[in-house]
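# Chain and residue survey
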Amino acid sequence: MESNHFLWKVGFLSIIFLFFLQLTTFLIGAIYSVNLLGSSLNLYAAGIAWMFSSGLLIFLPLKIKLLWKPELSQNSFLSRLNKFFFQGSYEEPLVYRRISQIFAIFVIVFRLISPWLKTRPTIIFAGLGVAFFFLFYPLYLLQIPKDFHKEEGLAQGISLAIATLLSILFRTIGASLDSSIFGWTQLIGWVLGIICMFGIFNFGKIIEIAPPQEEKVSLPPSSKQQNRRSFLASFCLLNLFILIVFGFESPTVFARWTQGNYITIVVILVIAILSFVIVSALKPDIISKIPQWGLWAWNIFFTIMLALTIIVHTVSFPSAPDLAVVVVGSPYWYQQIPLYMMLISSPIIFLDMVLFCSQLIHSSPKLSTLTGSFTLHGLYFIILIFMAIFTNVWGYVKPVSNLLRNLYWLPYLIIGLGMIGGIFAINLTYHKFNAISIPKIGKQSIAILSSLVTIGIIISAFLVVPSPVNDGTESISSITVMTYNIQEGNNQSAEANYANQLEVIQNSGADIIALQECDTARIGLWNNDLVRYLATELNYYSYYGPKTVTGTFGTAILSRFPIIYVESLFSYSHKDETGTAYATILINNEEFHIFSSHPDGNEDNHREHMNAILEKIDAESLNHVISMGDFNTRQGSEYYNMSTTNLDDAWLRAHPSGVDEYGNNMSGRIDHIFVSSEFGVENAWVIPEGPSQSDHNVFWATLTW
């Protein structure tokens, strides 16, 4: 295999894989955001059906035969179309090449268009991009000659690893937001798209076909065993893409599972991935030395560590009213062992890609086999997506979602079992990589470029992090505090609204912000960590609040001043998990106590939530207390009155009539700022929902002492 051919292949596949990962994330995030408005499933959820598109390929051979019209007039449009597809002779492999080129172009086009669209059109266009990938990829695999199965497997494993590194790079630069899809940095996506287009126009180099006179590869009929191997290998190969989408494309996901150190997680993960790329490119014979039992052991170990990473951070919530509140502080060091073991062993993802793809090509798959496998995988992918989402919204889509309460780990365990199951398809006898011929310049180019990407990630991880300088010792006599339900970063129309929400906070001058509905570092919300993004842009300290594995909607705290202690309080809930973020903040060398709340559900939920806060204040004799949040309870209600027994309503302290100087009557508000009596309230402000860039009012107040 010529070096430029291998480089073309790896370059093209890396970008097309990256685009597929991004399109899938767009699609899932858009569907979830629209459904979030009604807190229930609606017709937009049907957009996930794009993943069944591979089923259409079953009709392709018939369509090719109908298209073959050699008797047409030489100057007619249909004649030119025939010449484009067939080049004068009826050859299915050649037609597959032409069709797969067209499908790949559509993947690129829809990826470049999608970031410019509003949420609802994104469901259509990103969905089409996903659909065309599921049409392109099986046709691409069918065109690879059996003799090239090892080279192809190696190229695809390296390409998936590079695609993952590129995703991590873009997200690290963007403080967890993919910088290749926002603002002027979208130019990155367009540059990658142009490179990918060049690959399409040099498709012969990419699929590594034989010379023209040998182009038609005659393969013996596939045996039942070969069919089973190719079916299982292709299914499990696609399973790896799901795992990347569900977390590895955005390491902040793991940081928010575990409250682990973000920089450490990024560095370990990218070095592990780079190690795979370098070994595969420069010393592929090492892969051949892994015995079958070693492959089993590595996959099993990784799967166990993946599941344990989540399980050890899972909380046993109060199962009934009046049961004690569960308090979760910072994790113990030993709770992070599965996380780091999982990251270190993560190269197995890409090694599996090498072997599954190599086995698939070697098994000489039929179109019908790949069509069936990819279509079934579409159903499997959809089930896993809903499982992952229902663990968070288990109280809204009954009765199915209730079964998944507190089972955040389950979809990941299933994905891991899919990796293990794929080993049954592999016969290592046919996968000796010491004999493949990739010229030195091709290997070195891949190793160097991957190393540069990794260095860029590590530098960005250290540079694009908050570095607040306030040490809490400065003498001041007032602070401004804010409560802001950001609706997962969306406005009232379910449009991503990160920059505008940031502007609201910046314009307020708030020193401490209590955020609600901010648990976005998960697949349902683009894997974007808005707490990290806002803290980075504001250069503030932050506490994410309850970990994503607990299934809350998120309560977080941002602070200009040092956060010296944190914990999450979990009270009884029958609908959402009610997790209240608590932080001790150092101001004037004194401790200020901040709560960020978002209770929901029935009367018991609200009562237990209020009791949890008030009992903590009383038991620890806390002063300088600021309790903020979306309490989902109105002025004068039982639960509101519980809070005002010990604390004052900052809005009424500033505006006793409930109406401010601008005529904003907030007597029906559900978002509140409660403060202890030692605070004075200089003033309080509100931006009503809509102009607030969310579906909630945003309140802030200046407190004095």
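A few points on the structure. (Residues numbered from 1 in each chain as written. Predicted model: local features only at pLDDT ≥ 70, side-chain atom pairs only at ≥ 80, totals over all residues. Heavy atoms only, no water.)

Another point: the overall build of the chain. On a plain count of helices and strands, the chain comes out with 23 helices and 13 strands. Since a compact globule built from 705 residues should have a radius of gyration of about 27 Å, the 28 Å found for the chain is in line with a globular shape. Structurally, the chain occupies a C-alpha span of about 90 × 55 × 45 Å along its principal axes. Buried positions account for 61% of the 705 residues belonging to the chain. Nonlocal contacts in the chain, meaning residues at least 24 apart in sequence, comprise 79% of its contacts between residues at least 6 apart. Working note: accessible area of the chain is about 25700 Å², and carbon and sulfur atoms make up 62% of it. Treating the 38 positive side-chain charges of the chain as one cloud and the 48 negative ones as another, the clouds have centres 20 Å apart. (Helix = DSSP H or I, 4+ residues; strand = E, 2+ residues; numbered from the N terminus. Rg over C-alpha atoms; globule rule 2.2 N^0.38 Å. Buried < 20%, exposed > 50% of the residue type's maximum accessible area, 1.4 Å probe, protein only. Contact = heavy atoms within 4.5 Å. Areas by Shrake-Rupley, 256 points an atom, 1.4 Å probe, with all protein chains shown as cover. Lys, Arg positive; Asp, Glu negative; His and termini not counted. Charge placed at Lys NZ, Arg CZ, Asp CG, Glu CD.)

What follows concerns the packing of aromatic side chains. Under the definition given, this model contains 49 aromatic pairs. Relative to Trp 257, the ring of Phe 254 lies with its centre 5.0 Å away and its plane at 70°, an arrangement referred to as edge-to-face. Of the two residues, Phe 254 and Trp 257 are both situated in helix 10 (residues 252–258); the distance of three residues between them amounts to about one turn of the helix. Each member of the pair, Phe 254 as well as Trp 257, is classed as buried. With a centroid separation of 6.2 Å and an interplanar angle of 85°, the aromatic rings of Trp 257 and Tyr 408 are classed as edge-to-face. You can see Trp 257 sitting in helix 10 and its partner Tyr 408 sitting in the loop between helix 16 (367–390) and helix 17 (410–421), a full 151 residues away along the chain. Among the aromatic residues, those joined into a cluster by ring pairs are Phe 12, Phe 17, Phe 20, Phe 133, Phe 134, Phe 136, Tyr 137, Tyr 140, Phe 203, Phe 241 and Phe 374. Above the face of the Phe 19 ring, Arg 111 is positioned so that its terminal group lies 5.0 Å from the ring centre. The ring centre of Tyr 582 lies 4.4 Å from the NZ or CZ of Lys 616, which sits over that ring. (Phe/Tyr/Trp six-rings, centres within 6.5 Å; stacked < 30°, edge-to-face > 60°. Lys NZ or Arg CZ within 6 Å of the ring centre and 35° of its normal.)

This paragraph deals with the pattern of salt bridges. Applying the stated criterion across every chain, the model contains 15 salt bridges. One salt bridge connects Lys 616 with Glu 620, and the closest N-O pair in it is separated by 2.7 Å. Judged by its relative accessible area of 44%, Glu 620 falls in the partly exposed class. Asp 648 is the salt-bridge partner of Arg 653, the closest N and O atoms lying 2.7 Å from each other. On the accessibility criterion, Arg 653 (34% relative accessible area) is partly exposed. One network of salt bridges, with partners in common, ties together Glu 603, Asp 604, Arg 607 and Glu 638. (Salt bridge = Lys/Arg side-chain N within 4 Å of Asp/Glu carboxyl O.)

Attention now moves to the pairing of strand 8 (residues 590–597). The buried fraction of strand 8 is high, at six of eight residues. In terms of strand pairing, strand 7 (residues 578–587) meets strand 8 through seven bridges, oriented antiparallel. The residue bridging Thr 584 from the neighbouring strand is His 593, located in strand 8. Where strand 7 hands over to strand 8, the hairpin turn is made up of two residues, of which Asn 588 adopts a positive phi near 60°. Where the polypeptide runs from strand 8 across helix 21 (residues 603–619) and back to strand 9 (residues 625–630), its parallel neighbour, the crossover connection is right-handed. (Pairing = 2+ DSSP bridges. Right-handed = clockwise from strand over helix to strand, strands pointing away.)

Let us look at helix 16. For helix 16, with 24 residues, the first-to-last C-alpha span of 34 Å sits near the 34 Å given by 1.5 Å per residue. With 17 of 24 residues buried, helix 16 is to be regarded as a mostly interior element. (Expected span 1.5 Å × (residues − 1).)

Further remarks concern the sheet that holds strand 13 (residues 698–704). Overall, mixed pairing links the six strands, which are arranged 4-5-3-2-13-12 in an open sheet. Edge positions in the sheet fall to strand 4 (541–543) and strand 12 (680–687), since each of these pairs with one other strand and no more. Pairwise comparison of adjacent strand axes, ignoring direction, gives a mean angle of 15° for this sheet. Sheet analysis places strand 3 (residues 512–516) next to strand 5 (residues 555–559), joined by five bridges and oriented antiparallel. By the bridge assignment, Ile 512 is partnered in strand 5 with Ser 559. Running over the sheet, helix 19 (residues 498–508) touches strand 2 (478–485), strand 3, strand 12 and strand 13 and is turned about 160° from strand 2. (Axes fitted to C-alpha atoms, helices over the stretch in contact; angles between N-to-C directions.)

Moving on: the environment of Glu 590. Topologically, Glu 590 is positioned in strand 8. Separated by 117 residues in sequence, Glu 590 and Thr 473 have C-alpha atoms that sit 8.4 Å apart. Beyond its immediate stretch of four places on either side in the chain, Glu 590 contacts Ile 585 and His 624.

Close contact between helix 9 (residues 224–248) and helix 17 brings their axes to 9 Å; oriented N to C, the two are set at 145°. Helix-helix and strand crossings are classified by hand; for helix 9 and helix 17 the assignment is left-handed. Along its contact with helix 9, which presents Leu 232, Cys 236, Asn 239, Leu 240, Ile 242, Leu 243 and Phe 246, the element helix 17 presents Pro 411, Tyr 412, Ile 415, Gly 418, Met 419 and Gly 421. Residues that form the contact of helix 9 with helix 17 fall into these classes: ten nonpolar, three polar and no charged. (Left-handed = near helix turned anticlockwise from the far one by under 90°. Nonpolar A, V, L, I, M, F, W, Y, C, P; charged D, E, K, R; others polar.)

We now examine a nonpolar patch on the surface. Taken together, the side chains of Phe 301, Tyr 332, Trp 333, Tyr 334, Ile 337, Met 341 and Ile 344 make up a nonpolar region of the molecular surface, amounting to roughly 770 Å² of accessible area. The element contributing the most residues to the nonpolar patch is helix 14 (residues 337–344), with three residues. When its relative accessible area of 53% is taken as the criterion, Tyr 332 is described as exposed. (Patch = residues over 30% accessible without salt bridge, like charges linked within 9 Å, V, L, I, M, F, W, Y side chains within 5 Å.)

Secondary-structure assignment places Met 419 in helix 17. The class for Met 419 is buried, based on a relative accessible area of 0%. For the pair Met 419 and Phe 235, spaced 184 residues apart in sequence, the C-alpha to C-alpha distance is 9.8 Å. When residues no more than four places from it in sequence are discounted, the contact partners of Met 419 are Asn 239, Leu 240, Leu 243, Asn 299, Phe 302, Ile 348, Ile 349, Asp 352 and Phe 356.

A few words now on the sheet that holds strand 9. Read from one edge to the other, the open sheet built from seven strands follows the order 1-6-7-8-9-11-10, with strand pairing classed as mixed. Two strands bound the open sheet, and with one partner strand each, they are strand 1 (326–328) and strand 10 (648–649). Sheet strands in contact with helix 21 are strand 6 (563–571), strand 7, strand 8 and strand 9, and its direction is about 140° off that of strand 6.

Attention shifts here to the packing of helix 6 (residues 149–173) against helix 9. Between helix 6 and helix 9, the least distance of the axes is 11 Å, while the angle of their chain directions is 15°. With respect to helix 9, the element helix 6 is oriented roughly parallel. Two packed elements cross with a definite hand, and for helix 6 against helix 9 that hand is right-handed. Taken together, the residues of helix 9 that come into contact with helix 6 (itself represented by Leu 160, Thr 164 and Ile 168) are Leu 240, Phe 241, Ile 244 and Phe 248. When the residues that make up the contact of helix 6 with helix 9 are grouped by side-chain class, the tally is six nonpolar, one polar and no charged. (Parallel < 35°, antiparallel > 145°, perpendicular 65-115°, else oblique.)

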